[in-house]
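Read off the chains here:
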Amino acid sequence: STKIDGRMPLAYVQFVQILVDVFILATPLALYSDLGAYAIIATGLVALFYTSLNNLAKLFLDPLNNEEFCENSIYMDLGVLIRETNGESTRWKKST
């Protein structure tokens, strides 16, 4: 098996993006009858929440940015992370 076997198909990711976009565009129409002018503020909050959640979900597809999937991801050198973790774990042996 390869690393790509467990990945989601790109069509699914695009479909979820379209669903979120349609939901955000329909939100002011749905909220206006109940909230009136406050629907503008509520739409902004809903848009912030759902677009951020969607961006976070896309970032989880490639957390180490190996395929440069997302421009907002951080660079993380896994070798350095493992060395630092092992180095700190041996520090506790010296304390006893």
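All of the points below concern the structure found in this document. Every value quoted in this text rests on a predicted model; they were computed, and no experiment measured them. (Residues numbered from 1 in each chain as written. Predicted model: local features only at pLDDT ≥ 70, side-chain atom pairs only at ≥ 80, totals over all residues. Heavy atoms only, no water.)

**A look at the overall build of the protein chain**
- Scanning the protein chain from terminus to terminus reveals 3 helices and 0 strands.
- Relative to its full complement of 96 residues, the protein chain shows a buried share of 14%.
- When contacts within the protein chain are restricted to residue pairs at least 6 apart in sequence, those whose partners lie at least 24 apart make up 33%.
- Counting every atom, the protein chain has about 8,100 Å² of accessible surface; 66% of that belongs to carbon and sulfur. (Helix = DSSP H or I, 4+ residues; strand = E, 2+ residues; numbered from the N terminus. Buried < 20%, exposed > 50% of the residue type's maximum accessible area, 1.4 Å probe, protein only. Contact = heavy atoms within 4.5 Å. Areas by Shrake-Rupley, 256 points an atom, 1.4 Å probe, with all protein chains shown as cover.)

**As for the packing of aromatic side chains**
- Inspection of the entire model under this criterion finds 2 aromatic pairs.
- Ring geometry for Phe-49 against Tyr-50: centres 5.1 Å apart, planes inclined by 80°, an arrangement best described as edge-to-face.
- The class of Phe-49 is partly exposed, set by a relative accessible area of 49%.
- In this structure Tyr-50 comes out as partly exposed when scored by relative accessible area, which is 32%. (Phe/Tyr/Trp six-rings, centres within 6.5 Å; stacked < 30°, edge-to-face > 60°.)

**Quick word on a nonpolar patch on the surface**
- Residues Phe-23, Phe-49, Tyr-50, Leu-53, Leu-56 and Phe-60 make up a contiguous nonpolar surface patch of roughly 600 Å² in combined accessible area.
- It is helix H2 (residues 39-61) that contributes the most residues to the nonpolar patch, 5 residues altogether.
- Along the chain, the position of Phe-49 falls in helix H2. (Patch = residues over 30% accessible without salt bridge, like charges linked within 9 Å, V, L, I, M, F, W, Y side chains within 5 Å. Salt bridge = Lys/Arg side-chain N within 4 Å of Asp/Glu carboxyl O.)

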